[in-house]
Every structure is written in structure tokens, then in C-alpha cells.
Amino acid sequence: MGNLTAKNMAVGGQEIYIRGNLLVEEILYGSYNHGEIIVKGNLTATALIQDDEYRFKTSGQQWIVCTVNVWEGDGVCQGLPVDIREVLVDEVFLDIEDEEVGFSFGMLIVILKEGRSALKSLNEALQRKRAVQLCFTDSTLNEDNITKLTRCVLMPDDKHYFDFEEQGTYFKVNREHVDAEAGKLNPGIYITDDRNDYFIYLEEEQTVSLQRKTADEGAIWEDITDEPQEQLSDITYYWIMLLTCVNVAELYLPGIDRRYLKEVLQHPMIRALDPAGEENDGFWDGSKYYRFCQAHTGARTFLI
């Protein structure tokens, strides 16, 4: 009827009601789909781990460093993708084939009863991921951020650029390359909407230059580098949109496994959809719309 504090908490099958706050120093584990923990106050834990569909309901705030699903084998740690094997000690995993994660709930209980910690050092995992993850922490239009764009996860090895469309605006990011006609070209970003074309690029001395051209026929590029900030609201808006999209890609693309993607696309429900994408091309799950279409090569792809 008050607050509950524990070093670790591993439960399953029963309903646990906590009138106050729940504070778990290390692991809060919920097992199996029968049962739930209902916290009327706040919930705090280092690692929130569950298998199947065990439920945690909190009326107050949740402060969780790391959240992991055992069956999926992955989770999120302070906003970064994390593998369960980077969260829990090796003793709780079984040796099975196909590199799948075999987890032993019983061994976890043994470790906790012995008074030992089943958590690995999350600081090492986070530092390692942040060291390799290229993300934007500020929206400054400068040399450093332009260089980061040319090295992000979207940049292919076999081409000097990547491009995409977001909210009706086209973006193309070029890394330094040699053009057959123009010679060496510095890194640059091309942006176009229904009114203007924008070009952001690095000069030889690594200063940033901005150019704009209207969509009118015969229009020419004009230098807008020294224009007042209020005159550059459009290009600033698109610049922030670009950085946001790349940040999302850096966060989620490395965690998408081709094997799982192929399994999803082979599901009978998806294979039965209209391959041309004109009718019955998707479904709504109550909060998100999934639209499936067929690529030119015949491979199936999907958009969310």
C-alpha cells in the first residue's frame, strides 16, 4: 500500500499492485503473458526486461535506463539500440544454433538468489555505441555537420551520394568526388521544393556557401551566404529536417536485420496484397498504417 524498493525483481504469473512508487536498483523482469505489475506512482529501474507479453502499467513517470525484450533479443538503452547480450551476463544465455539468443530465466533467478548482479556494465556498451554512432547534437550549418552527413549510414560505398524525399522536399547529399567534366567537387547538399532549389557546399578553404535559385524558367543561382538570418528561414528549416532524418536513420537502420525483413515480407497476409499497390495495398493496426508495394526488381518493400 506504499512504496516498494528492491535490488532486483523477477516475477511472472501474478498481478502485483503497488499503491506508491516502485524503485528497483538493477533488474525488473516480467515473465510470461499471465500477470502484470500495476504501479500507481513512479517506476524506476536500471533495466526493464520482459519476455512474451508481460505488462507494466504506470500511472506516474517511468525512469528506465535500458529496456529489453528477451524474445526479440534487443532493446533500447538511453535512446540507442542495444543487444540483450550487452545488458546481461553470459551465464544467463544458452548455447543454441543459428546465433539466436537462448535465455534461461532459471539461471537468472539462481544468480539473483546468490546475491550477484546479472547486469553487465551498461556504460561500456553505451560508450562503444556512441563511439561508432554518427549523430547530430546541434543544428549548426557548419563544416563539421556537412562532413558528418557525407559519412552517415545512408551514404553508399559504390556511389558518391545518397538522396531521399521527405514531406515533398527532395534532398541529395554528395561527398567529395571527381566528376568527369567538372573535376574535383567538394561535399555539398542539394535541396529542392516546389518554389526554390538550394545548394549548400564547402569551399576549398572549408567555409560554407549557400546558393538559391527559383523554380522559374531561366532562373540563375544567387549567392545568399551573407543574407540576414531571417531571410534564410526556408533553408534553415530544410537543413534541420535533413539532420533529423539522418539521425533517425543512424538510430534505427543498423538494427534492421535482413533475415527478419524477409520473413515479414513472406507473410501470407502480405503476399496476398495487390502487387501493383493500387488496391488493398496495406493495413492499419490501430495506430500506424503499413503500405506494401513491389519494387521494379520484383522484390517486396514496405513503407510505414
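Residues numbered from 1 in each chain as written. Predicted model: local features only at pLDDT ≥ 70, side-chain atom pairs only at ≥ 80, totals over all residues. Heavy atoms only, no water.

## A closer look at the overall build of the protein chain
Assigned secondary structure in the protein chain consists of 6 helices and 23 strands. Residues classed as buried in the protein chain amount to 37% of the 304 residues present. Partitioning the contacts of the protein chain with sequence separation of at least 6, the portion at a separation of at least 24 is 29%. Here the protein chain displays about 18500 Å² of accessible surface, and carbon together with sulfur accounts for 49% of that area. (Helix = DSSP H or I, 4+ residues; strand = E, 2+ residues; numbered from the N terminus. Buried < 20%, exposed > 50% of the residue type's maximum accessible area, 1.4 Å probe, protein only. Contact = heavy atoms within 4.5 Å. Areas by Shrake-Rupley, 256 points an atom, 1.4 Å probe, with all protein chains shown as cover.)

## With respect to the sheet that holds strand β20 (residues 222-223)
Pairing is antiparallel across the open sheet formed by 6 strands, whose spatial order is β13-β14-β17-β18-β19-β20. Each of the sheet's edge strands pairs with one partner strand only, and the pair in question is β13 (161-166) and β20. Bridge analysis of strand β14 (residues 169-174) against strand β17 (residues 188-192) gives 5 bridges, and the strand direction is antiparallel. When the sheet's bridge partners are listed, K172 is paired in β17 with Y190. Its contacts with the sheet put helix α3 (residues 143-150) on β13, β14, β17, β18 (196-202) and β19 (208-214), and the angle it makes with β18 is roughly 100°. (Pairing = 2+ DSSP bridges. Axes fitted to C-alpha atoms, helices over the stretch in contact; angles between N-to-C directions.)

## Describing unusual backbone geometry
In this structure, Q167 is a non-glycine residue whose phi angle is positive, near 50°. Mapped onto the secondary structure, Q167 falls in the loop between β13 and β14. In this model, Q206 sits at a positive phi of 70°, which is unusual for a non-glycine residue. Looking at the element boundaries, Q206 is found in the loop between β18 and β19.

## Quick look at the sheet that holds strand β7 (residues 55-58)
In spatial order, the strands read β3-β5-β7; together these 3 strands make up an open sheet with parallel pairing. Here the strands that pair on one side only, and so sit at the sheet edges, are β3 (15-18) and β7. When strand polarity is set aside, the average angle formed by the axes of neighbouring strands in this sheet is 10°. In the sheet, β3 pairs with strand β5 (residues 36-39) via 4 bridges, with the strands oriented parallel. In the strand pairing of β5, I18 is matched with V39.

## A short note on the side chain of E26
Tracing the chain through its elements places E26 in strand β4 (residues 22-31). The side chain of E26 sits in the buried core without any salt bridge; K7 is the nearest counter-charge, 4.6 Å away. Side-chain polar atoms of E26 contact the side chain of N8, separated by 3.5 Å. A distance of 3.2 Å separates the side chain of E26 from the side chain of S117, its partner in a polar contact. Not counting chain neighbours up to four residues away, the residues in contact with E26 comprise K7, N8, A45, T46, A47, S117, A118 and L119. (Lys, Arg positive; Asp, Glu negative; His and termini not counted. Salt bridge = Lys/Arg side-chain N within 4 Å of Asp/Glu carboxyl O. Polar contact = N/O pair within 3.5 Å; in protein donor to acceptor, adjacent residues only side chain to side chain.)

## Regarding the packing of α3 against helix α4 (residues 233-252)
It is at 11 Å that the axes of α3 and α4 come closest, and there the two elements cross at 45°. Compared by their axis directions, α3 and α4 come out oblique. The two elements α3 and α4 meet at a crossing, and its hand is left-handed. In this structure, α3 contributes N145, I146 and L149 to the contact, and α4 contributes W239, L242, L243 and V246. Along the lines of polarity and charge, the residues of the contact of α3 with α4 split into 6 nonpolar, 1 polar and no charged. (Parallel < 35°, antiparallel > 145°, perpendicular 65-115°, else oblique. Left-handed = near helix turned anticlockwise from the far one by under 90°. Nonpolar A, V, L, I, M, F, W, Y, C, P; charged D, E, K, R; others polar.)

## Focus on α3
Among the residues of α3, those classed as buried are N145, I146, L149 and T150. End-on view of α3: buried residues confined to an arc of 145°, all on one side of the axis. Contacts made by the buried residues of α3 are with β13, β14, β17, β18, β19 and α4. (Arc of directions from axis to C-beta.)

## Some points on the side chain of S104
Mapped onto the elements of the fold, S104 is located in the loop between β12 (102-103) and α1 (105-113). Judged by relative accessible area, which is 18%, S104 ranks as buried. Setting aside chain neighbours within four positions, we find S104 in contact with V92 and L94.

## Considering the pattern of salt bridges
With the rule as written, the count across this model stands at 8 salt bridges. In this structure, the salt-bridge partner of K57 is E36, at a minimum N-O distance of 3.4 Å. Placement of K57 in strand β7 and of E36 in strand β5 is noted, with a sequence separation of 21 residues between them. One continuous salt-bridge network, built from bridges that share partners, spans E36, R55 and K57.

Bear in mind that shape data such as this cannot, by itself, settle questions of function.
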